[in-house]
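# A closer look at the structure
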Amino acid sequence: MRNKFYTIPNCPHCARARTFLEGKRVDFVEFDVSTNRAALRAMLTMTARAEVPTIIAGDSAVVGFEPESWGALLKRSAELQVRDPYALPPSLGRDPYEGVD
(Lines give C-alpha, C1' and ligand atoms only; values in the text may rest on other atoms or scores of the structure.)
Protein backbone atom coordinates (compact mmCIF):
# COMPACT_ATOMS: atom_id res chain seq x y z
CA MET A 1 0.00 0.00 0.00
CA ARG A 2 1.59 3.24 -1.13
CA ASN A 3 0.92 6.49 0.67
CA LYS A 4 -0.67 9.19 -1.47
CA PHE A 5 0.90 12.65 -1.29
CA TYR A 6 -1.04 15.57 -2.81
CA THR A 7 0.79 18.77 -3.73
CA ILE A 8 0.90 21.81 -6.01
CA PRO A 9 4.00 23.35 -7.64
CA ASN A 10 5.96 26.03 -5.79
CA CYS A 11 4.34 25.21 -2.44
CA PRO A 12 6.95 25.61 0.33
CA HIS A 13 4.95 23.44 2.74
CA CYS A 14 4.75 20.71 0.10
CA ALA A 15 8.53 20.86 -0.36
CA ARG A 16 9.07 20.51 3.41
CA ALA A 17 6.63 17.59 3.53
CA ARG A 18 8.37 15.89 0.57
CA THR A 19 11.74 16.25 2.31
CA PHE A 20 10.19 14.78 5.48
CA LEU A 21 8.82 11.75 3.57
CA GLU A 22 12.07 11.18 1.70
CA GLY A 23 14.06 11.49 4.93
CA LYS A 24 11.92 8.80 6.53
CA ARG A 25 12.22 6.64 3.38
CA VAL A 26 8.46 6.45 3.07
CA ASP A 27 6.96 4.74 0.03
CA PHE A 28 4.66 7.32 -1.55
CA VAL A 29 3.23 8.44 -4.85
CA GLU A 30 2.91 12.17 -5.45
CA PHE A 31 -0.01 13.82 -7.22
CA ASP A 32 -0.05 17.41 -8.49
CA VAL A 33 -3.67 18.44 -7.92
CA SER A 34 -3.24 21.60 -10.00
CA THR A 35 -3.05 19.50 -13.17
CA ASN A 36 -4.51 16.13 -12.19
CA ARG A 37 -8.27 16.52 -11.77
CA ALA A 38 -8.80 12.86 -10.88
CA ALA A 39 -6.30 13.19 -8.03
CA LEU A 40 -8.02 16.39 -6.87
CA ARG A 41 -11.38 14.59 -6.79
CA ALA A 42 -9.85 11.67 -4.87
CA MET A 43 -8.31 14.05 -2.32
CA LEU A 44 -11.59 15.96 -1.93
CA THR A 45 -13.53 12.72 -1.51
CA MET A 46 -11.23 11.60 1.29
CA THR A 47 -10.75 14.94 3.07
CA ALA A 48 -13.49 17.33 1.88
CA ARG A 49 -10.75 19.99 1.86
CA ALA A 50 -8.89 21.54 -1.08
CA GLU A 51 -5.66 22.12 0.83
CA VAL A 52 -2.13 20.88 0.32
CA PRO A 53 0.03 19.24 1.31
CA THR A 54 -2.19 16.32 2.10
CA ILE A 55 -1.17 12.75 2.80
CA ILE A 56 -3.49 9.76 2.67
CA ALA A 57 -2.28 6.53 4.22
CA GLY A 58 -4.70 3.65 4.19
CA ASP A 59 -8.05 4.92 5.42
CA SER A 60 -6.73 8.07 7.13
CA ALA A 61 -5.61 11.48 5.95
CA VAL A 62 -3.77 14.49 7.32
CA VAL A 63 -4.20 17.90 5.72
CA GLY A 64 -1.41 20.43 6.19
CA PHE A 65 2.14 19.56 7.14
CA GLU A 66 2.95 18.99 10.79
CA PRO A 67 5.77 16.49 11.39
CA GLU A 68 4.15 15.03 14.53
CA SER A 69 0.80 14.26 12.91
CA TRP A 70 2.40 12.97 9.72
CA GLY A 71 4.73 10.75 11.75
CA ALA A 72 1.81 9.29 13.69
CA LEU A 73 -0.13 8.62 10.48
CA LEU A 74 2.85 6.96 8.82
CA LYS A 75 3.49 4.81 11.88
CA ARG A 76 -0.12 3.60 11.79
CA SER A 77 0.17 2.96 8.05
CA ALA A 78 3.32 0.87 8.57
CA GLU A 79 1.56 -1.15 11.28
CA LEU A 80 -1.38 -1.83 8.95
CA GLN A 81 0.98 -3.09 6.28
CA VAL A 82 2.48 -5.57 8.74
CA ARG A 83 -0.81 -6.84 10.12
CA ASP A 84 -4.09 -6.49 8.28
CA PRO A 85 -6.73 -5.51 10.87
CA TYR A 86 -9.42 -7.00 8.64
CA ALA A 87 -7.77 -10.41 8.25
CA LEU A 88 -9.84 -13.40 9.30
CA PRO A 89 -8.51 -15.43 12.21
CA PRO A 90 -6.81 -18.67 11.12
CA SER A 91 -9.45 -20.70 12.98
CA LEU A 92 -12.00 -19.68 10.31
CA GLY A 93 -9.94 -21.13 7.48
CA ARG A 94 -8.64 -19.51 4.33
CA ASP A 95 -10.03 -16.08 3.41
CA PRO A 96 -11.94 -16.53 0.13
CA TYR A 97 -11.00 -12.98 -0.90
CA GLU A 98 -7.27 -13.31 -0.14
CA GLY A 99 -5.21 -11.77 -2.93
CA VAL A 100 -8.16 -9.90 -4.44
CA ASP A 101 -7.47 -6.18 -4.17
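Each chain has its residues counted from 1, running along the sequence as written. Under the rules for a predicted model, residues below a pLDDT of 70 receive no local features and side-chain atom pairs below 80 are neither given nor counted, while totals for whole chains, interfaces and linings still include all residues. Each side-chain value is derived from all of the structure's non-hydrogen atoms; neither hydrogens nor water enter the calculation.

### A short note on the pattern of salt bridges
Here, a salt bridge means any side-chain nitrogen of Lys or Arg that lies within 4 Å of a carboxyl oxygen of Asp or Glu. As enumerated under the stated definition, the model contains four salt bridges in all. Between Arg18 and Glu30 there is a salt bridge; the shortest N-O distance is 2.7 Å. Here the residue Arg18 occupies a position in helix α1 (residues 12–23), and Glu30 occupies one in strand β2 (residues 28–32), the gap between them amounting to 12 residues. We call a residue buried when its accessible area falls under 20% of the maximum for its residue type, exposed when it is over 50%, and partly exposed in between, using a 1.4 Å probe and counting protein chains only. Looking at Arg18, the relative accessible area reads 24%, which means it is partly exposed. For Asp59, the salt bridge identified is with Arg76, shortest N-O distance 2.9 Å. Taken together, the residues Asp59 in the loop between β3 (54–57) and β4 (60–63) and Arg76 in helix α3 (residues 67–82) connect sequence positions 17 residues apart. By definition, any uninterrupted DSSP run of H or I lasting at least four residues is a helix, any uninterrupted run of E lasting at least two residues is a strand, and each is numbered from the N terminus.

### Describing unusual backbone geometry
As a rule of thumb, non-glycine residues mostly have phi less than zero, and peptide bonds are mostly trans rather than cis. Cis peptide bonds are those with omega within 30 degrees of zero, and the linkage from Val52 to Pro53 qualifies with 0°. Along the chain, Pro53 falls in the loop between α2 (37–47) and β3. Phi angles above zero are rare outside glycine, and Asn10 is one such case at about 60°. Take Asn10: it is sitting in the loop between β1 (3–7) and α1.

### Overview of the packing of aromatic side chains
When we look at a pair of aromatic rings, we describe it by the centre distance and by the angle of the planes. Ring pairs shown here join Phe, Tyr and Trp side chains whose ring centres sit within 6.5 Å, with only the six-membered ring taken for Trp; geometry is labelled stacked below 30 degrees between planes, edge-to-face above 60, and tilted in between. Under the counting rule described, the total for this entry stands at five aromatic pairs. With a centroid separation of 5.6 Å and an interplanar angle of 90°, the aromatic rings of Phe5 and Phe28 are classed as edge-to-face. Taken as a pair, Phe5 in strand β1 and Phe28 in strand β2 lie far apart in primary sequence, 23 residues in all. Accessibility assignment for this pair places Phe5 and Phe28 in one class, buried. Judged by centre distance (5.1 Å) and plane angle (85°), the ring pair of Phe65 and Trp70 falls under edge-to-face. For Trp70, a relative accessible area of 0% puts it in the buried group. Members of the aromatic cluster, joined through ring pairs, are Phe5, Phe20, Phe28, Phe65 and Trp70.

### Thoughts on the confidence of the model for the protein
One number per residue, pLDDT, summarises how confident the predictor is, and it ranges from 0 to 100. Scored by pLDDT, the protein has a mean of 89; 89% of the residues are at 70 or more. By mean pLDDT, the top-scoring element of the protein is α1 (97), and the lowest-scoring one is α3 (86).

### Comments concerning α2
Within α2, burial applies to Ala39, Leu40, Met43 and Thr47. Down the axis of α2, the sector holding all buried residues measures 100°, keeping them to one side. Opposite the buried face of α2, by more than 90 degrees, sit the exposed residues Arg41 and Thr45. Next to the buried residues of α2 lie β1, β2, β3 and β4. Pairs of N or O atoms are called polar contacts if they sit within 3.5 Å, as long as, within protein, a hydrogen donor faces a hydrogen acceptor (for residues adjacent in sequence, only side-chain-to-side-chain pairs). At the N-terminal end of α2, a side-chain oxygen is found 3.2 Å from the backbone nitrogen of Ala38, two or three residues along, and the residue is Asn36. In this context, the arc is that of the directions from the helix axis out to the C-beta atoms. In what follows, residue pairs with any heavy atoms lying within 4.5 Å of each other are defined as contacts.

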